[in-house]
Structure formats: C-alpha cells, structure tokens
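# A closer look at the structure
The primary structure of each chain is shown beneath.
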Amino acid sequence: GDTWHSVGEQRKLSLSSSKDESELEHGSTDASNRFTVLDKLQQLQDRLSRLQEGHTRLVNLHVKTQVMQTQVAEYVEKQIHEHVELRRSRIAEDIQRTVETKIAALQQWITEQFEEQRNGLQRKDTAVLGEASTQKFAEDLQRQSLKARKATSSP
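Worth saying up front: this structure is predicted, and the values here are computed from it rather than measured. (Residues numbered from 1 in each chain as written. Predicted model: local features only at pLDDT ≥ 70, side-chain atom pairs only at ≥ 80, totals over all residues. Heavy atoms only, no water.)

## Remarks on the overall build of the protein chain
Check the secondary structure of the protein chain and you find two helices and zero strands. Sorting the 155 residues of the protein chain into buried and exposed places 4% on the buried side. With the model as given, the accessible surface of the protein chain reaches about 14,000 Å², and the carbon-plus-sulfur share is 58%. (Helix = DSSP H or I, 4+ residues; strand = E, 2+ residues; numbered from the N terminus. Buried < 20%, exposed > 50% of the residue type's maximum accessible area, 1.4 Å probe, protein only. Areas by Shrake-Rupley, 256 points an atom, 1.4 Å probe, with all protein chains shown as cover.)

## Here's the deal with the pattern of salt bridges
Under the definition given, this model contains four salt bridges. Residues Glu-82 and Lys-78 are paired through a salt bridge, measuring 3.9 Å at the closest nitrogen-oxygen approach. You can see Glu-82 and its partner Lys-78 sitting in helix α2 (residues 31-153), four residues apart, about one turn around the helix. For Glu-115, the salt bridge identified is with Arg-118, shortest N-O distance 2.7 Å. Pair noted here: Glu-115 and Arg-118 are both in helix α2, with a separation of three residues, about one helical turn. (Salt bridge = Lys/Arg side-chain N within 4 Å of Asp/Glu carboxyl O.)

## Let's talk about a nonpolar patch on the surface
Taken together, Val-72, Tyr-75, Val-76, Ile-80 and Val-84 make up a surface patch of nonpolar side chains, about 450 Å² in accessible area. Locating Val-84 in the fold gives a position in helix α2. Overall, Val-84 belongs to the partly exposed group, its relative accessible area being 33%. (Patch = residues over 30% accessible without salt bridge, like charges linked within 9 Å, V, L, I, M, F, W, Y side chains within 5 Å.)

Dropping the structure here:
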C-alpha cells in the first residue's frame, strides 16, 4: 500500500520539483517557493530514511529467516538420525531374538537326535547282549550235555 502510494507521490514531487526548479531558474525568488522546495526536500529525505529503515528491517528479517532455516535443517537432520538409530536398534534386537530362538531350537533338535541315537544304540546293545547271552547259554548247555554224555559213556 505505502510503496505504491509513495511511488505516485514521488512522481508528483518530481513533477512539482521540476516546476519549482524552472520557476527558480526564471528568477523567482519567492520565499514560499523556497519553503516548498525545502519542505519537499525534507519529505524526500524522510521517505528515503523510511525506505532505508525498511530495507534494514528486510535484511534483518532475511538473516533471521536464514538462521531459522539452518536451525530447522539441523533439527530435521537430528530427528532423522535418531529415527534411523532407533530403527537400527530395533532391527538388531529382532535379529538377536531370532538368532537366539533358532539357536535354542537347533540345540533342542540336536539333543533330541542324540537321545534317539543313544536309545537306538541301547536297544541294539540290549538285543546284541540278549543274543550273546542266548548264544552263550546254548553253548554252555551243549558243553554240559557233552560232559554228561562223556560221564555216562565212560565206565
């Protein structure tokens, strides 16, 4: 609002300044003309001062905006890093639990396989021992039978 208004006023001022200058050039030394020129010069200086102040505020705002952008970027980067670390930690925990579960299952399977083999060997040993005992018993029985025949056949 003020900017467009100021531009329009500057045009009017420059037009009237041109008139004032031409009147002054034609030898007009009227005090009111001098006062008008000085007044308009003061107005121009005031506007220039306000423009400079506005420019300074704009520059300061730009600097603040850049600082805020940097802070936001750093915050976002920190949040992303924390999120990534949290995800890595959770993934590592999940992997650790899975590995522990697999190891426990494997140990259980190995123990079961060992027990089955041991039980199978025990049954086999029992069968072999049983067979050996039966064979030994049969051999002992044959010896005793031979001894008995020899004893009965000898006078």
